[in-house]
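One-letter residues, chain by chain:
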Amino acid sequence: MKRIKLLDKNLINQIAAGEVIERPASVVKELVENSIDAGATRIAIDISNDSRDIRVADNGFGISKEDIALAFARHATSKISNKNDLWKINTLGFRGEALASIISIAKVTCITKTKDDINGNKASCQESNVDVSETGCDFGTTMEIKDLFYNVPVRAKFLKNAKTEIGYIQEIVQGLAVSHPEIVFSLTNNNITLLKTTGSGNIEVVISEIYNNALINELKHLHNEDKQAFLEISGLVSTPLYTRSNRKGIYIFVNGRMVKCPICLKAIDNVYADLIPKGKYPFAVLSLTLKTEDVDVNVHPSKREVKYREPNLIYNFIYYSVKNALTAYKLPEKTLTYEKFSNSFDIREISNTKEFWGTNFASFEKNSNKCYTQTKISKMNKSENNNSPATSAFLQQQTLAIEENNKLENKFTQIIGQYKNTYILVERPEGLEIIDQHIAHERYLYEMLKVNLANKGSISSQMFFTSAFVNLDNESIEKLEKHKELLEKQGYIFEIEENKVAIKQVPVIVAQNHADNIIEDVLNCVNTNFDKLEDEILIMSACKGAVKAGQKLSNWQMLDIIEKWQTTKNPQTCPHGRPISKIIPTKEIAKFFLRNE
């Protein structure tokens, strides 16, 4: 058996570097965070040699001659001094590992000067050895890293291609720039500028500089405070109409530190679950502030992970903060009506409007008795043969209906009609609005069912008399039995006999669907993630109960759909995440036809 011995300093640092320095982006993160802690207002990052040469220059406090050699020693730091300080960390760096790790795997030159020093100092580092000499320079610190991983070729082989690695670096710098809008950042790769901010101090300006101005229009401000728990959150979240294909647009900062926080991500995912399509993600910048003793940032050497003293409290605080910000976002208030009728309209449609959502669209029959025009009513009043009580009552009903029609015409903007029996066209002051009738109705039904389930504990159902027994495999039978209680709360009641199932009760709004289809839809739901099963069934019920694409609607039906849709908390998208409406601006239409408006 070999004897135990101490490892040499450079090997110790290389082992530590495996945790701290994962890739070139890790070096950039550590150096830029040091610049931020040093009070820099300008930070320039230059990348070359396939991301293996890195230069970070700042105008921060600099490092004094007495401390420069010590700065590269392992576990040497100015940011903490005892164990109690670990729970009072207000800086981005504190472990004293980064510089020692970097000089063990790269050739490093540090040029630095404080405002009080006459001359600057230069530290040349290689294989964990540090040589210091005087030099002329401006105040601040410049770190030059050459040949990263030159002495650990195995680590170098694990790097991705140059484009991917610079992408990781850009993500890091973007996050740091967003969290510190008061600092001027610049990032270049082979002398090509990838990012540049002006240090305006305005987060929206920084986002527009990193992304584009169009994104700003899709973001909503968020701010919430829990003074009792000493929690505060602020930031920006995108409306459901803006989505991304990955989570790279989600920035989370805890006490100013950019972190990967599964609790925050879970809260955000759950808020957007029924607002955006699956596989899509929002843009969000969330800055969470809490007492330093309530969060542990010393979980991992990279300092990207945190643990909370009360994770459930944090989850709920973030969830409801984001949810309320999106709930507060409404489409511009709109009032709408049906088209003007030339001669008549349906009295029964007026009387049935209030009960519209409790009826089956497919069986919504028109009354054959048409309303007379005002001219016809006047003629009937003059006729001697039309003075019976029944006729008088009928004429009074017709007059009231016409008055109601006139009131609505004066109050609302006009509904133009349907396109392809699928889209409702609405004339608005700012342009032409196109509304998908199915998903507008689906959004309303989904929220209505959700409220009913929350308030009453179950959803109203009705008997399903046309259902026959359907053969299912054992696995499907087991799943239905397993979720029987949940399904019954949702209004779905099955009768199971051996390997056969018949549906006996369903929610009122889906009663027009075929029994076989309902069983198939329910099975599709129970095959999803159990954590979201309740919501999946609600979405399915709303989808099946909503009017269909291609279904012709009367003007009153279109009006009622839109009015109900506008009362929803999240009118931008359906529960599947599809956008519900689109406005084509009048200016855009006029421009196409070469009109000057």
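Above this text sits the structure in question.
Residues numbered from 1 in each chain as written. Predicted model: local features only at pLDDT ≥ 70, side-chain atom pairs only at ≥ 80, totals over all residues. Heavy atoms only, no water.

So, the nonpolar core
Using the following cut-off: Only buried residues count toward a nonpolar core, which is a set of Ala, Val, Leu, Ile, Met, Phe, Trp, Tyr and Cys residues joined through side-chain atoms within 4.5 Å. Exposure classes here rest on a 1.4 Å probe applied to the protein chains alone. A residue is buried below 20% of its type maximum, exposed above 50%, and partly exposed in between. In this description a helix means any DSSP run of H or I spanning at least four residues, a strand means any run of E spanning at least two, and both kinds are numbered starting from the N terminus. By the convention used here, residues are in contact when the closest approach between their heavy atoms is within 4.5 Å.
Ranked by internal contacts, the top residues of the largest apolar core, which has 56 residues, are Val32, Ile43, Ile45, Phe72, Val108, Ile145 and Phe185. The dominant element in this core, judged by the number of residues it contributes, is helix H6 (residues 162-179), at seven residues. Filtering out sequence-adjacent residues up to four positions away, Ile145 remains in contact with Val27, Leu31, Arg52, Asp53, Ile54, Ile102, Ala106, Lys107 and Val108. By size, the runner-up hydrophobic cluster in this structure holds 34 residues, among which are Leu486, Leu487, Leu523 and Ile537.

A look at the sheet that holds strand E1 (residues 42-48)
Two orientations exist for strands paired in a sheet by backbone hydrogen bonds: parallel and antiparallel. So the rule is basically this: Strands are treated as partners if at least two bridges between them are detected by DSSP. Axis lines are fitted through C-alpha atoms, for helices just across the contact stretch, and the angle between N-to-C directions can take any value from 0 to 180 degrees.
Ordered in space as E5-E4-E3-E6-E2-E1-E7-E8, the eight strands form an open sheet in which the pairing is mixed. Edge positions in the open sheet fall to strand E5 (129-135) and strand E8 (192-196), since each of these has one partner strand only. Ignoring which end each strand starts from, the neighbouring axes of this sheet average 15° apart. Relative to strand E7 (residues 184-189), E1 runs parallel, the two being bridged by six bridges.

Things to note about the sheet that holds strand E10 (residues 231-238)
Strands sit in the order E9-E10-E13-E11-E12 across an open sheet of five strands; the sheet is mixed. The sheet is open, and its two edges are formed by strand E9 (219-226) and strand E12 (257-258), each paired on a single side. Sheet topology note: the strand E11 (residues 250-254)/strand E13 (residues 284-289) ladder contains five bridges and is parallel. Following the sheet pairing, Tyr251 is matched in E13 by Val285. Those strands touched by helix H10 (residues 311-327) are E9, E10 and E13, and its axis lies near 45° from that of E10.

Let's talk about the side chain of Asp535
The residue Asp535 is located in helix H18 (residues 533-545) in this model. When neighbours within four sequence positions are excluded, Asp535 is seen to be in contact with Asp274, Tyr446 and Lys450.

Some words on H10
Here is the rule: Between the first and last residue of a helix there are one fewer steps than residues, each counted as 1.5 Å, and that sum is the expected span.
The first and last C-alpha atoms of H10 sit 24 Å apart over 17 residues, in line with the 24 Å expected at 1.5 Å per residue. Turning to H10, its buried residues number three or more, namely Ile314, Phe317, Ile318, Tyr319, Ser321, Val322, Ala325 and Leu326. Contacts from the buried residues of H10 go to E9, E10, helix H9 (262-272), E13 and strand E15 (307-308).

Structural notes on the pattern of salt bridges
For clarity, the cut-off: By salt bridge we mean one thing: a side-chain nitrogen of Lys or Arg within 4 Å of a carboxyl oxygen of Asp or Glu.
Taken as a whole and judged by the stated rule, the model has 21 salt bridges. Note that Lys29 and Glu33 form a salt bridge whose closest N and O atoms lie 3.3 Å from each other. Within this pair, Lys29 and its partner Glu33 are both found in helix H2 (residues 24-37), separated by four residues, close to a single helical turn. On the accessibility criterion, Lys29 (4% relative accessible area) is buried. In this structure, Arg443 engages Glu447 in a salt bridge whose closest nitrogen and oxygen atoms are separated by 3.1 Å. Placement of both Arg443 and Glu447 in helix H14 (residues 437-456) is noted, with a separation of four residues, approximately one turn of the helix. Grouping residues by exposure puts Arg443 and Glu447 together as buried. Connected through salt bridges with shared partners, the residues Glu22, Arg23 and Glu165 form a single ionic network.

Concerning a nonpolar patch on the surface
This is how the line gets drawn: Each patch is built from salt-bridge-free residues with over 30% relative accessible area, joining like charges within 9 Å and nonpolar side chains (Val, Leu, Ile, Met, Phe, Trp, Tyr) within 5 Å. Accessible areas in this description were obtained via Shrake-Rupley with a 1.4 Å probe; residue shielding takes into account the shown protein chains only.
Where nonpolar side chains cluster on the molecular surface, the patch consists of Ile589, Phe592 and Phe593 and spans about 350 Å² of accessible area. One can find Ile589 in helix H20 (residues 586-592). A relative accessible area of 32% means that Ile589 is categorised as partly exposed.

Overview of helix H19 (residues 555-565)
In terms of burial, H19 is largely enclosed, as nine of its eleven residues are buried. All of the buried residues in H19 are Asn555, Trp556, Gln557, Met558, Leu559, Asp560, Ile561, Ile562 and Trp565.

Comments concerning the packing of H9 against H10
For any two helices packed against each other, one specifies the crossing angle of their axes together with the interaxial distance. The criterion, for reference: We call a crossing left-handed when the near helix sits turned anticlockwise from the far one by less than a right angle, and right-handed when that turn is clockwise. We call Asp, Glu, Lys and Arg charged. Ala, Val, Leu, Ile, Met, Phe, Trp, Tyr, Cys and Pro are nonpolar, and the rest, Gly among them, are polar.
With their axes 9 Å apart at the nearest point, H9 and H10 run at an angle of 35° to one another. Regarding H9 and H10, the two cross each other, and that crossing is right-handed. Along its contact with H9, which presents Ile263, Cys264, Lys266, Ala267, Asn270, Val271 and Tyr272, the element H10 presents Pro311, Ile314, Tyr315, Ile318, Tyr319, Val322, Lys323 and Leu326. Of the residues assigned to the contact of H9 with H10, the class counts are twelve nonpolar, one polar and two charged.

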